[in-house]
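Each chain is listed here by its residues.
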Amino acid sequence: MAGNAFERALPAGITRAQFTVLHHFIRRGLAEQSPAQLADAIQVTRGTMTSTLARMERSGLISVRPDPADGRAKLVALTEAGRAMRDACVAAIGPLLPLVEQSLDETELQTMLQLLQRLRQKLDNARDTAI
């Protein structure tokens with residue numbers, strides 16, 4: 001149910017997968033990443049990532065260029081439009097937050113956020129060492 005509400009709140013034309021890519025770049029402070037690295041980080045197949053990136057490139061949310069170190073590889077970067085869309089997505093899902101706040105008291109919410117942040121950091125670190 002939460003996933004459906006999340007997707008319905010996103011701006012028209014943006015999928016959860018696209019938002020995940022946009023948010024990944026900003027949250028991790030990345031300038032560029034290969035499609036393979038993105039697929040590994042987001043835990044989808046390379047084919048799925050290629051399809052998602054193609055739609056995002058057509059929409060102007062990302063740019064894709066050849067990797068100068070490997071002519072067969074590509075590098076993906078966010079465009080200014082991609083950064084703006086990520087901000088628009090975050091603003092659009094903001095109204096969903098009161099649903100969470102109404103379900104938990106302040107102490108429970110703070111505890112949950114701390115645990116999720118710690119889990120996210122451990123998972124990021126484990127993923128980064130596996131790539």
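Procedures and definitions
Residues numbered from 1 in each chain as written. Predicted model: local features only at pLDDT ≥ 70, side-chain atom pairs only at ≥ 80, totals over all residues. Heavy atoms only, no water. Helix = DSSP H or I, 4+ residues; strand = E, 2+ residues; numbered from the N terminus. Buried < 20%, exposed > 50% of the residue type's maximum accessible area, 1.4 Å probe, protein only. Phe/Tyr/Trp six-rings, centres within 6.5 Å; stacked < 30°, edge-to-face > 60°. Salt bridge = Lys/Arg side-chain N within 4 Å of Asp/Glu carboxyl O. Contact = heavy atoms within 4.5 Å. Core = buried A, V, L, I, M, F, W, Y, C linked by side-chain atoms within 4.5 Å. Pairing = 2+ DSSP bridges. pLDDT = per-residue confidence, 0-100.

Any chance you could explain the environment of Ala 54 here in plain terms?
Within the element layout of this structure, Ala 54 appears in helix H4 (residues 46-58). Among the residues examined, Ala 54 registers a relative accessible area of 27% and is labelled partly exposed. For the pair Ala 54 and Val 64, spaced 10 residues apart in sequence, the C-alpha separation works out to 9.1 Å.

Any chance you could explain the packing of aromatic side chains here in plain terms?
The description of an aromatic ring pair rests on the distance of the ring centres and on the angle between the ring planes. All told, the structure shown has one aromatic pair when counted by the stated rule. Geometrically, the ring pair formed by Phe 6 and Phe 19 is edge-to-face, given 5.5 Å between the ring centres and 65° between the ring planes. Of the two residues, Phe 6 sits in helix H1 (residues 2-9) while Phe 19 sits in helix H2 (residues 16-28), which places them 13 residues apart along the sequence. You can call Phe 19 buried: its relative accessible area is 8%.

What is the right way to look at the pattern of salt bridges in this model?
A pair can form between side chains of opposite charge whenever their charged atoms are brought close. Applying the stated criterion to the full structure yields six salt bridges. The partner of Arg 16 in a salt bridge is Glu 7, and the shortest N-O contact between them spans 3.1 Å. By relative accessible area, which is 37% here, Glu 7 ends up partly exposed. Residues Asp 70 and Arg 72 are paired through a salt bridge, measuring 3.3 Å at the closest nitrogen-oxygen approach.

Got a minute to help me understand the side chain of Arg 86 in this structure?
Within the fold, Arg 86 resides in helix H5 (residues 80-93). Arg 86 sits in the buried class, given a relative accessible area of 15%. Residues contacting Arg 86, with those up to four places away along its chain left out, are Phe 19, Leu 22, His 23 and Ile 26.

I would appreciate a short explanation of unusual backbone geometry in the present structure.
For residues that are not glycine, phi is negative in most cases, and the peptide bond is trans in most cases. A positive phi angle, near 60°, is found at Gln 43, a position not held by glycine. With respect to the helices, strands and loops of the structure, Gln 43 is situated in the loop between helix H3 (35-42) and H4.

Looking at this model, I keep getting lost on the nonpolar core. Mind explaining?
Buried together is how nonpolar side chains tend to be arranged in soluble globular proteins. Of all hydrophobic cores here, the largest spans 18 residues; its most connected members are Leu 10, Leu 53 and Met 56. For this core, the elements supplying multiple residues, two or more each, are H2, H3, H4, strand E2 (70-78) and H5. Discounting residues that sit within four places of it in the chain, Leu 53 has contacts with Val 21, Pro 35, Leu 38, Ile 62 and Val 76.

Looking at this structure, how should I read the pairing of strand E1 (residues 62-67)?
Each regular strand shows side chains that alternate between the opposite faces of the sheet. Where E1 and E2 come together, six bridges link them in antiparallel fashion. Residue pairing across strands places Ile 62 opposite Leu 78, the latter belonging to E2. Taking the residues that link successive antiparallel strands as the turn, the E1-E2 hairpin has two residues.

Where do I start with the confidence of the model for the protein chain in this structure?
Interpretation of this model should avoid reading the predicted coordinates in detail wherever pLDDT is low. Per-residue confidence for the protein chain gives a mean pLDDT of 88; residues scoring 70 or more make up 94%. Confidence scores differ between elements of the protein chain, with helix H6 (residues 97-103) showing the lowest mean pLDDT of 73 and H4 the highest of 96.

I tried to follow the environment of Phe 19 on my own but got confused; where do I start?
Taking the C-alpha atoms as reference points, Phe 19 and Arg 86, 67 residues apart in sequence, are found 6.6 Å from one another. Ignoring sequence-local partners within four residues, the contact set of Phe 19 consists of Phe 6, Leu 10, Ile 14, Arg 86, Cys 89 and Val 90.

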